Amino acid sequence: MSKIANKQMICEVLMEASKTDKDIVALCSDSRGSGSFTPFADAYPEQFVETGIAEQNLVSIAAGLAKCGKKAYAVSPACFLSTRSYEQAKVDVAYSNTNVKLIGISGGVSYGALGMSHHSAQDIAAMSAIPNMRVYIPSDHLQTKELVRALLKDEKPAYIRVGRNAVDPTYEEGTVPFEMDRATVVCEGTDVAIIACGEMVKPAKDAAAILKEQGISAEVIDMYCVKPLDKEAVVKAAQKVKAVITVEEHAPFGGLGSMVSQVVGSECPRRVINMSLPDAPVITGTSQEVFDYYGLNAEGIAKKAAELVK
Amino acid sequence: MENLTVLSYDLRKDVIEIICAGKAGHIGGDMSVIDTLITLYFKQMNISTENMDDPDRDRFVMSKGHSVEALYAVLAKKGFFGLDEVLEGFSKFGSKFIGHPNNKLPGIEMNSGSLGHGLPVCVGMALAGKMNRQDYRVYTVMGDGELAEGSVWEGAMAASHYKLDNLCAVVDRNRLQISGNTEDVMHHDDLHERFRSFGWNVIDVENGNSIEQLDAAFNKAKTVKGRPTVLIANTVKGCGSPVMENKAGWHHHVPNEEEYIQIMKDLDERKEAALHE
């Protein structure tokens, strides 16, 4: 099964579109290598802007370009993009309503061993709190391809977080279920609903397989559209099951878990358990080691689900 | 051509009315920057109600967004909306005429308010112009206190790197900010050297409240190729009446009745003098 990093897929989709669309502009803050955007910069130098290590400038320049008709894709590590340039995202992108897509690369704990400065465990909360900012966290490169193609068709601001490494695909080439701003039901179930986003979707899917062997029926929802959250999908899933689990590569506050809990609490009360990173600097390690340590893997999710529905 | 200096006093009076109607605003900076706005909107930029959606129009971003009352007065005079609408709505519940520029209003390109955003945004606008081989020019006005924002210098760096000679920034150098003298708060006396070292063409406008001098400087800026230009416009905060001139306390003071009467009288006298110049 082929696998490439989601960031590489973003670059590939934009390069394909740039063959005919000269208004696409990619911007990097000395991040073309880490963002897998060197091929774009080489192929379309006239549609590429380098800002140097200056994330605030990156986002403001992207907004200015967008205001003059460009489709701006600002590519920078999620840790910096969602904090250093937060005000530019708020004022120049969301508030001024410019067609800027903020691509947060190496999101979450992708830079596991580099420490908290390089982790973006707050980006969902931060970006979601800005009016007129959408937040997307695709689970694999196949879904990323569909998402970026959809984003190319609209003119609204968005923040897209992807991880650093290639991950095992959740979906299969040629049969990727995708509808913009609608969550994807990965598998249906009746005992417990597992709602995940990004790199947590695949372990959630694997957890459902483990649970099946134990006689527990788990529904898995891929909530790549964290904002606007697909509330209908949340309610539909929650109504069928005894309990809901959310799984995300994010701090425990203000992320997918908080948003799903709000909906379930008000629309169809069920027990909701949020699985996330801790409210603390995370332990040192590769992202997989970090996930394993905090139980954010198939076994950890299955264990939690089994306890819940017992 | 209308006597723009005369107009500058009429528009200053409009600004005073707007501020008194809304009981809010940044009067000192409005009065220092208004001549720059008048020069841009009435002499320099190809912007009107007819071409506001034309891709080839010149672009302007009010980086020192708190001086929005001056922008409202100028845009109302240009016909983008009525002065009566501004007077009725400014700072009122549910109004579109808020205390900083917002692009839901015709004639305003970008929302601002937080300082240090205008120049980097204009870099993007100027880059788009270069990419599309369009001839429009891009302008922004910053306050001198605003120059303490690091993002200004990120923008300045990129503007010269990309040789954006279609970009012209203005520093409204009124030497006062909310806490007092700029040189006491954070010094900027080496401003010209700073911009030069960032690769900019620097034009000092000795009297930044002279429309004639500003116009000449903007014309000169257009002839400079291969690098952006900044006009250091030496202005007087509160320019128009001794009641408010060069007084830090008038950064956002709303005139009382007595002050209002005196300011209007002073503005009328200066207008009268300008008529006979």
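Residues numbered from 1 in each chain as written. Chains lettered and ligands numbered in written order. Predicted model: local features only at pLDDT ≥ 70, side-chain atom pairs only at ≥ 80, totals over all residues. Heavy atoms only, no water.

Peer 1: Hey, could you run me through the nonpolar core in this one?
Peer 2: When a protein is soluble and globular, its nonpolar side chains tend to lie buried together. Membership of the largest hydrophobic core comes to 106 residues, with the highest contact counts inside it found for F40 and L102 of chain A together with L167 and F195 of chain B. In terms of residues, this core owes the most to one element, helix α5 (residues 118–131) of chain B, which gives eight residues. Here this core spans two domains, since at least three of its residues come from each of domain 1 (6–161) and domain 2 (184–309) of chain A. Core analysis: the second largest hydrophobic core is formed by 57 residues, F81, F90, A221 and A233 of chain B among them. (Core = buried A, V, L, I, M, F, W, Y, C linked by side-chain atoms within 4.5 Å. Buried < 20%, exposed > 50% of the residue type's maximum accessible area, 1.4 Å probe, protein only. Helix = DSSP H or I, 4+ residues; strand = E, 2+ residues; numbered from the N terminus. Domains from an automatic or database assignment.)

Peer 1: Even after reading the chapter, I still don't get the packing of aromatic side chains, so can you show me in this structure?
Peer 2: By convention here, two paired aromatic rings are described through the distance between centres and the angle between planes. The final tally for this structure, using the stated rule, is 14 aromatic pairs over all chains. Judged by centre distance (6.1 Å) and plane angle (20 degrees), the rings of Y136 of chain A and Y224 of chain A are stacked. Of the two residues, Y136 of chain A sits in strand β5 (residues 134–136) while Y224 of chain A sits in the loop between β9 (218–222) and β10 (225–227), which places them 88 residues apart along the sequence. Pair check on accessibility: Y136 of chain A and Y224 of chain A agree, each one buried. Here F195 of chain B and W200 of chain B contribute two aromatic rings whose centre-to-centre distance is 5.4 Å and whose plane-to-plane angle is 65 degrees, an arrangement assigned as edge-to-face. Of the two residues examined, F195 of chain B and W200 of chain B, each falls in the buried class. By the ring-pair criterion, three or more aromatic residues cluster together here, those being Y72, F81, F90 and F97 of chain B. The ring of F42 of chain B has K78 of chain B lying over it, and the distance from NZ or CZ to the ring centre is 5.4 Å. (Phe/Tyr/Trp six-rings, centres within 6.5 Å; stacked < 30°, edge-to-face > 60°. Lys NZ or Arg CZ within 6 Å of the ring centre and 35° of its normal.)

Peer 1: Any chance you could explain the interface of chain B and chain A here in plain terms?
Peer 2: By a widely used convention, the size of an interface equals the accessible area lost when the partners come together. With 24 residues of chain B at the contact, the number on the chain A side is 23 residues. Interface area for chain B against chain A, summed over the two sides, is near 2000 Å², with a carbon-plus-sulfur share of 56%. Summed over the shared surface of chain B and chain A, the number is zero salt bridges. Contributing elements (two or more residues each) for the side of chain B that touches chain A: α5 and α6 (150–161) of chain B. Element by element, the count of residues in the side of chain B that touches chain A is highest for α5 of chain B, at eight residues. (Contact = heavy atoms within 4.5 Å. Buried area = accessible area lost by both parts, 1.4 Å probe. Salt bridge = Lys/Arg side-chain N within 4 Å of Asp/Glu carboxyl O.)

Peer 1: Looking at this model, I keep getting lost on the sheet that holds strand β12 (residues 271–275) of chain A. Mind explaining?
Peer 2: Consider a sheet: its strands pair through backbone hydrogen bonds, and that pairing is either parallel or antiparallel. Residue and element names in this part refer to chain A. Read from one edge of the open sheet, five strands run β7-β9-β8-β11-β12, paired in mixed fashion. Strands with a single pairing partner mark the edges of an open sheet, and in this sheet they are β7 (184–187) and β12. Each neighbouring strand pair of the sheet contributes to a mean axis angle of 25 degrees, computed without reference to strand direction. Examined bridge by bridge, β7 and β9 share three bridges and lie antiparallel to one another. Looking across to β9, one finds that T184 is bridged to D222. Sheet strands in contact with helix α9 (residues 231–240) are β8 (192–196), β9 and β11 (243–247), and its direction is about 170 degrees off that of β9. Those strands touched by helix α10 (residues 256–267) are β8, β11 and β12, and its axis lies near 175 degrees from that of β12. (Pairing = 2+ DSSP bridges. Axes fitted to C-alpha atoms, helices over the stretch in contact; angles between N-to-C directions.)

Peer 1: Whenever I open this one, helix α2 (residues 27–44) of chain B confuses me. Can you help?
Peer 2: Three or four residues apart is the spacing at which side chains of an α-helix point the same way, because the helix has 3.6 residues per turn. Across its 18 residues, α2 of chain B extends 24 Å between first and last C-alpha, which sits within 8% of the 26 Å expected from 1.5 Å per residue. Where burial is concerned, most of α2 of chain B is hidden: 17 out of the 18 residues are buried. (Expected span 1.5 Å × (residues − 1).)

Peer 1: How should the domain arrangement of chain A be read in this particular structure?
Peer 2: Residues and elements named next belong to chain A. On domain assignment, one finds that chain A holds domain 1 (6–161) and domain 2 (184–309). The distance between the C-alpha centroids of domain 1 and domain 2 comes to 26 Å. In this assembly, 27 residues from domain 1 lie in contact with 28 residues from domain 2. When the buried area of domain 1 at its contact with domain 2 is split by residue, V109, I124 and I137 rank highest and sum to 27% of it. At the junction of domain 1 with domain 2, the criterion picks out one salt bridge. Salt-bridge contacts for R161 lead to E249; the nearest nitrogen and oxygen are separated by 3.9 Å. Remark: the boundary between domain 1 and domain 2 carries 16 residue pairs in polar contact (both at pLDDT 80 or more). Among the secondary structure elements, those contributing two or more residues to the side of domain 1 that touches domain 2 are α6 (123–128), β5 and α7 (141–151). Here the side of domain 1 that touches domain 2 takes four residues from α6, the largest share from any one element. Residue classes in the side of domain 1 that touches domain 2 are distributed as 14 nonpolar, ten polar and three charged. (Polar contact = N/O pair within 3.5 Å; in protein donor to acceptor, adjacent residues only side chain to side chain. Nonpolar A, V, L, I, M, F, W, Y, C, P; charged D, E, K, R; others polar.)

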